[in-house]
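Structural description and commentary
In case you want the letters, here they are:
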Amino acid sequence: MTSTDTRMSHVHDYPGDGPTVVLLHGLLASAKYWGPVRRRLSSDGYRVVTIDLLGFGSAAKAPATSYDYTEHVEHVRSAVEAVAEKEPVILIGHSLGGLVSMKLARRHPELVSQLVILNAPLYRDGDEARSSILDTSALYRFLLTSKFRAAGWVTARLLGFPVIGRHSAKAREGALEEVVFRGKGLSDLRKLEVPAVVVTGAQDREIYLSNLNEAELPDSIDVFVSQTGHHLPTQAPHYVSWILNALGVAPTSRASGSWVPAA
């Protein structure tokens, strides 16, 4: 792994001779979340770049005001421009990272050649987003809304929940309130002008697939349903490799296998 810039410790660059693939993680996680996918794509020959989102992982102390869409997009834009070498990249975002990647692709389409969106919170509006997430479970409501939630998050980290990366409470709650609870996912998806693949899990929130089925999407967007839950990158990292192979962007000499995932 190489560092693009000493001022960009949140950008993790793994060299390869193939196309550049940039990976954006989800809420609570960090760039380390992508380990299984990154190793597979590196073995396929891609150049892989993982980025810690604003307020998470190595960017936990990056300056921010509200952690809204604009701040997240500008944080990623500067990183992508630093690694892109004047060529658009393949951008893959999971969950929160999927929302940020769609907004980046809409605002800066020249930076993205292909978008892959995994398990993004695809809500029709803010009310639907808030009610769906807060209805997940009593534990989740406690962690998100209780006045004692700070202690709950400390306990979760001490118990070793594998998805949780280093982050600040302000980043966690800001991203949730100013990005996820805005409910812009489905709207941004409809307005994309770059080619995109959307993958939702059969065991993820049912409302994502329901909203996708009812949405009128551009012909440049393909939708797949994986037999996974919300964490496809850790549950089925080979799926990401297969998608890129199917798109015809894989390094021809090192693409891995002809495995086809179950629909």
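Keep in mind the model is a prediction, meaning the values are calculated, not measured. (Residues numbered from 1 in each chain as written. Predicted model: local features only at pLDDT ≥ 70, side-chain atom pairs only at ≥ 80, totals over all residues. Heavy atoms only, no water.)

**Remarks on the packing of aromatic side chains**
The geometry of two aromatic rings is summed up by the distance between their centres and the angle between their planes. For the structure on display, the rule yields 4 aromatic pairs. With centroids separated by 5.4 Å and ring planes inclined at 90°, the aromatic side chains of F224 and W242 adopt a geometry described as edge-to-face. Residue F224 is located in strand β8 (residues 221–226), and its partner W242 is located in helix α11 (residues 237–247); the two are separated by 18 residues in the primary sequence. Note on F224: relative accessible area 27%, which makes it partly exposed. For the ring pair Y239 and W242, a centre distance of 5.7 Å and an interplane angle of 75° mean the geometry is edge-to-face. One end of the pair, Y239, and the other, W242, are both in helix α11, 3 residues apart, so they sit about a helical turn from each other. As far as burial versus exposure is concerned, Y239 and W242 are alike and both buried. Through pairs of rings, three or more aromatic residues link up here, namely F224, Y239 and W242. One residue, K103, lies across the ring of Y69, its end atom 4.5 Å from the ring centre. (Phe/Tyr/Trp six-rings, centres within 6.5 Å; stacked < 30°, edge-to-face > 60°. Helix = DSSP H or I, 4+ residues; strand = E, 2+ residues; numbered from the N terminus. Buried < 20%, exposed > 50% of the residue type's maximum accessible area, 1.4 Å probe, protein only. Lys NZ or Arg CZ within 6 Å of the ring centre and 35° of its normal.)

**Here's the deal with the pairing of strand β2 (residues 11–14)**
Neither face of β2 is left uncovered, since the one carrying V11 and D13 and the one carrying H12 and Y14 both have all their residues buried. Where β2 meets strand β4 (residues 47–51), 4 bridges bridge the pair, whose relative direction is antiparallel. Within β4, the position partnered with H12 by the bridge is T50. (Pairing = 2+ DSSP bridges.)

**Observations concerning a nonpolar patch on the surface**
The grouping of L139, F142 and F148 at the surface amounts to a nonpolar patch, some 310 Å² of accessible area in total. Along the chain, the position of L139 falls in helix α5 (residues 138–145). (Patch = residues over 30% accessible without salt bridge, like charges linked within 9 Å, V, L, I, M, F, W, Y side chains within 5 Å. Areas by Shrake-Rupley, 256 points an atom, 1.4 Å probe, with all protein chains shown as cover. Salt bridge = Lys/Arg side-chain N within 4 Å of Asp/Glu carboxyl O.)

**Observations regarding the nonpolar core**
Counting residues in hydrophobic clusters, the biggest one holds 58 residues, and the most contacted among them are V22, V80, L115, I117, L189 and L192. No other element matches the 7 residues that helix α2 (residues 69–84) contributes to this core. When residues no more than four places from it in sequence are discounted, the contact partners of V22 are V49, I51, V80, V83, V89, I90, L91 and I92. (Core = buried A, V, L, I, M, F, W, Y, C linked by side-chain atoms within 4.5 Å. Contact = heavy atoms within 4.5 Å.)

**A closer look at the pattern of salt bridges**
Evaluation of the coordinates by the stated rule reveals 11 salt bridges. A salt bridge links E173 to R149, with the shortest nitrogen-to-oxygen separation between them at 2.5 Å. Of this pair, E173 sits in helix α7 (residues 169–178) while R149 sits in helix α6 (residues 149–158), and the two are 24 residues apart along the sequence. Where E178 meets R182, a salt bridge forms, and the shortest distance between an N and an O atom there is 2.6 Å.

**Section: unusual backbone geometry**
Even without a glycine there, the phi angle at Y67 is positive, about 60°. Take Y67: it is sitting in the loop between β4 and α2. The class of Y67 is buried, set by a relative accessible area of 4%. A positive phi angle, near 55°, is found at N119, a position not held by glycine. Look at N119 and you get buried, because its relative accessible area is 0%.

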